[in-house]
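# Summary of structural features
Okay, here's what each chain looks like letter by letter:
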Amino acid sequence: MAFLSIVLPAYNEEENIMNTAAVLSKTLEENGIEYELVFISDGSRDRTFERIRDAAADNPRIRGAEFSRNFGKEAAIFAGLEMAKGNAVIVMDCDLQHPPQVIPEMWKLWQEGAEVVEGIKQSRGQESLAHRLSAGMFYKIMSMLIKMDMNASSDFKLLDRKVVDVLLSLPERNTFFRALSFWVGFRTETVTYEVQERRYGKSKWSFFSLMKYAVTNATSFSTLPLQMVTAMGLVAILFSVILFFDTLIRFLSGAAVEGFTTVILLILIIGGFLMLGLGIVGHYLARIYEEVKGRPKYIIRQTTEEETIKCDIKKEKR
Ligand code: UDP
Ligand code: MG
């Protein structure tokens, strides 16, 4: 019989695990959906993994693993996809901000033949102004670079086994789960949901972590910033041609520009553009460097089933 895996990345979520496990099992059992819950503790520094183990002891359908350190939500999602055995897999936050009531709807669409079911945010829920602004900026930049509307999209989605296998076979290390599910294509349906309030604990994203996430994802998903360097160069060349003739004519007519002001300004402007360009190229270099090193996306310290050290190196077939 077809069954559903739910992947839940968790970073310092000790207060949430038991409640989330209970709410999800109840929802799924009431709807007669066969399921398993896969919790990934992303190097939590609190007792998240102990709670996962408690939950697993109560309910054999609950499994989990813990990373050796914090590898980030992307890595946790991919570790969960790797562990999940279901015919369909749902990825959702373990703070219940993604409402469990939507799951039966997603499951139904899957049974009717959808291969990807995207969760689309109706509202962003209650968030602080600073968080809304930084998240807003983040989505603006991302949407522009990826050329897909990312504002309403989220990591809350259902993927068919086929799609999960495709995602797991991608060789890249820097993944952006949210956009990759668009990129792979497949028959896609959407469901909308209201973002709920976080029950316990607080959001794990700071302004800087969001910005870092934006830059990493933008450079791993789009080459537009690189082309912007070229565009900047073209503009600079255009200006320099105009200035070249201007300066030459003034010099020949005996009225050369006096003072250092122009020189200083030019050096500053050109210097700024050069550094910016180098910085952008540097980001891509960093991405390539990370990919070439070929380190695993994550390292698992222990799972609820066994206490061994595993990582995803086994997929090495490049
Ligand atoms: N998360 C994670 N690793 C991290 C940061 C967050 O696994 O480094 C998890 C977190 O436990 C939660 C989900 O990602 O289940 C979303 O995080 P959060 O609720 O803090 O983000 P927000 O809902 O505020 O966007
Ligand atoms: Mg949240």
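Scope of this entry: the structure provided in the associated data block. (Residues numbered from 1 in each chain as written. Chains lettered and ligands numbered in written order. Predicted model: local features only at pLDDT ≥ 70, side-chain atom pairs only at ≥ 80, totals over all residues. Heavy atoms only, no water.)

### A word on the side chain of T303
Within the secondary structure, T303 is located in strand β8 (residues 299–303). For T303, a relative accessible area of 4% translates into the label buried. One polar contact links the side chain of T303 to the main-chain amide nitrogen of E305, over a distance of 3.2 Å. When sequence neighbours within four positions are dropped, the list of residues in contact with T303 reads F49, R53, G64 and A65. (Helix = DSSP H or I, 4+ residues; strand = E, 2+ residues; numbered from the N terminus. Buried < 20%, exposed > 50% of the residue type's maximum accessible area, 1.4 Å probe, protein only. Polar contact = N/O pair within 3.5 Å; in protein donor to acceptor, adjacent residues only side chain to side chain. Contact = heavy atoms within 4.5 Å.)

### Some points on the pattern of salt bridges
Close approach of charged atoms lets side chains of opposite charge pair. Here the structure, examined in full by the defined rule, presents 17 salt bridges. When the shortest N-O distance is used, the salt bridge between R61 and E34 registers 3.8 Å. Of this pair, R61 sits in the loop between α2 (48–58) and β3 (62–67) while E34 is found in the loop between α1 (14–30) and β2 (35–41), placing the two residues 27 residues apart along the sequence. On the accessibility criterion, R61 (31% relative accessible area) is partly exposed. Note on E34: relative accessible area 32%, which makes it partly exposed. Here K73 and D93 are joined by a salt bridge, their closest N and O atoms 2.8 Å apart. (Salt bridge = Lys/Arg side-chain N within 4 Å of Asp/Glu carboxyl O.)

### Describing the pairing of β2
Counting buried residues along β2, seven of its seven residues qualify, which places the element largely inside the surrounding structure. Side-chain alternation along β2 places Y35, L37, F39 and S41 on one buried face and E36, V38 and I40 on a second face that is also buried. In terms of strand pairing, strand β1 (residues 4–10) meets β2 through seven bridges, oriented parallel. Each bridged residue has a counterpart across the sheet, and for S5 the counterpart in β2 is E36. Taken together, β1, α1 and β2 constitute a β-α-β crossover, and its handedness is right-handed. Direction of pairing for β2 relative to β3: parallel, over a ladder of five bridges. Directly across from F39, in β3, lies its bridge partner G64. After leaving β2, the chain enters α2 and then returns to the sheet as β3, a path that is right-handed. (Pairing = 2+ DSSP bridges. Right-handed = clockwise from strand over helix to strand, strands pointing away.)

All we've got here are geometric facts, nothing functional implied.
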